[in-house]
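Residue strings, one per chain:
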Amino acid sequence: MQQIVLAQYCEGAPKPSDFRLETQPLPEPKDGQFRVAHVWCSVDPGTRSRLSGGDSYAAALPLGKPIDGFSVGVIDASNHPDWPVGTKVFCAGGWKTHSLQSGKGFIGKVADVPGVPLSAWIGVLGVPGLTAWFGIKDVARFKAGDAVLVTSAAGPVGATAGQLAKAWGASKVVGVAGSDEKCRWLTETAGFDAAINYKTAADLTAAIAAEFPKGVDILFDNVGNAMVNRMLP
Ligand SMILES: NC(=O)c1ccc[n+]([C@@H]2O[C@H](COP(=O)([O-])OP(=O)(O)OC[C@H]3O[C@@H](n4cnc5c(N)ncnc54)[C@H](OP(=O)(O)O)[C@@H]3O)[C@@H](O)[C@H]2O)c1
């Protein structure tokens, strides 16, 4: 099997030399274990803070160990009666081609839904989708008629939050994203009412004010401080 390990802590943008590709013997499941052959692994922004050495909201990743991430795949060997070979699962598998699992912790069986690709289980149907769902529903306490502004709106969390708000009766949903292509996707495919390219907008605050003359009820922010400061009047 192959895995990507952290070779050195990142400074600034991650570069190829921060990582190392290793080949290891394929692990065999013991009693109560099964092996997942990963089809997809996620590369999430949340992982970045763990690549720099210091602890953040989660502990730093140890050097020489595989990078954590969510995976979706198919069980290809099993010593567990509830998890037979051929079962499709999502799990915390890491940046590896295979992982051993016991059925405990973050793992579940993938429901075969026509038209839904396997990758959706680490995207809109996975943790990013759940983050959007609980963020817009429970944290922001969305109610029909709310005007909603979303940053990093073309990412999996932002795009899902905006689409949920539209589906639940938002009066208006506007996304902020970093390219014209992403903005086009937001309005033409994801159903946002409008999108603003924060890299080319001459005055982001004014562009937002023009979209929301009566103000915003919910700011669903995915980016943080500097971006929020550019948006507040
Ligand atoms: N994914 C999860 O499971 C999960 C769970 C909990 C919390 N979260 C948090 O939710 C947020 C969104 O997660 P996501 O997975 O959907 O990732 P995401 O929004 O796709 O994040 C990456 C995008 O952020 C934008 N970005 C990066 N730096 C920026 C900057 N300085 N100013 C403005 N935009 C910037 C870029 O998009 P542009 O091209 O548009 O600039 C980039 O493509 C993150 O803060 C993440 O940590 C994620």
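Our subject is the structure that appears above.
Residues numbered from 1 in each chain as written. Predicted model: local features only at pLDDT ≥ 70, side-chain atom pairs only at ≥ 80, totals over all residues. Heavy atoms only, no water.

When you look at the site of the ligand in this model, what are you seeing that I'm missing?
The ligand sits among 17 residues. The nearest are Ser152, Val157, Gly178, Lys182 and Tyr198. Within the backbone of Pro156, one N or O atom sits 3.3 Å away from an oxygen atom of the ligand. Here Gly178 contributes a backbone N or O atom positioned 2.8 Å from an oxygen atom of the ligand. Relative to its unbound accessible surface of 890 Å², the ligand loses 64% to contact with the protein. Contributing elements (two or more residues each) for the shell around the ligand: α1 (45-48), α2 (127-139) and α3 (156-167). Per-element accounting of the shell around the ligand gives the leading share, 3 residues, to α2. For the shell around the ligand, the residue count by class is 9 nonpolar, 6 polar and 2 charged. Residue-level mapping places the shell around the ligand at the junction of two domains, with at least three residues from each of domain 1 (2-121) and domain 2 (127-231). (Near = heavy atom within 4 Å. Polar contact = N/O pair within 3.5 Å; in protein donor to acceptor, adjacent residues only side chain to side chain. Areas by Shrake-Rupley, 256 points an atom, 1.4 Å probe, with all protein chains shown as cover. Helix = DSSP H or I, 4+ residues; strand = E, 2+ residues; numbered from the N terminus. Nonpolar A, V, L, I, M, F, W, Y, C, P; charged D, E, K, R; others polar. Domains from an automatic or database assignment.)

How should I be thinking about the environment of Gly54 in this particular structure?
Here Gly54 lies in the loop between α1 and β4 (71-78). Beyond its immediate chain neighbours, meaning those up to four positions away, Gly54 contacts Ser49 and Ala60. (Contact = heavy atoms within 4.5 Å.)

Please clarify how the packing of α2 against α3 should be interpreted in this entry.
Any two packed helices are characterised by the angle at which their axes cross and by the distance between the axes. It is at 8 Å that the axes of α2 and α3 come closest, and there the two elements cross at 45 degrees. In terms of their interaxial angle, α2 and α3 are classed as oblique. The two elements α2 and α3 cross, and the hand of that crossing is right-handed. Taking contact as the criterion, the partners of Pro128, Gly129, Thr131, Ala132, Trp133 and Ile136 in α2 are, on α3, Pro156, Val157, Thr160, Ala161, Leu164 and Ala165. A class-by-class count of the residues in the contact of α2 with α3 yields 9 nonpolar, 3 polar and no charged. (Axes fitted to C-alpha atoms, helices over the stretch in contact; angles between N-to-C directions. Parallel < 35°, antiparallel > 145°, perpendicular 65-115°, else oblique. Left-handed = near helix turned anticlockwise from the far one by under 90°.)

What am I meant to see in the sheet that holds strand β8 (residues 147-150) here?
Strand-to-strand pairing in sheets goes through backbone hydrogen bonds, with the strands running parallel or antiparallel. Read from one edge of the open sheet, 4 strands run β10-β9-β8-β11, paired in parallel fashion. Sheet topology places β10 (194-197) and β11 (218-220) at the edges, where each strand pairs with a single neighbour. Averaged over all neighbouring strand pairs, the angle between strand axes comes to 20 degrees, with direction disregarded. Across 3 bridges, the pairing between β8 and β11 is parallel. Paired with Val148 across the bridge in β11 is Ile218. (Pairing = 2+ DSSP bridges.)

It is not clear to me how the nonpolar core should be interpreted in this structure. Could you clarify?
Most often, soluble globular proteins keep nonpolar side chains buried together rather than apart. The biggest cluster of nonpolar side chains holds 19 residues, and the ones touching the most others in it are Ile136, Phe142, Val148, Val150, Ala165, Val173 and Phe192. Counting residues per element, the ones that place at least two in this core are α2, β8, α3, β9 (172-177), α4 (180-188) and β11. Examining the composition of this core, we find that 4 residues originate from one element, α3, more than from any other. In this view, Phe192 contacts Val150, Ala153, Gly158, Ala159, Gly162, Gln163, Val173, Val174, Gly175, Leu186 and Thr187; residues no more than four positions away in its chain are not counted. If you look at the next biggest cluster of nonpolar residues, it comprises 12 residues, including Val174, Val176, Ile196 and Ile208. (Core = buried A, V, L, I, M, F, W, Y, C linked by side-chain atoms within 4.5 Å. Buried < 20%, exposed > 50% of the residue type's maximum accessible area, 1.4 Å probe, protein only.)

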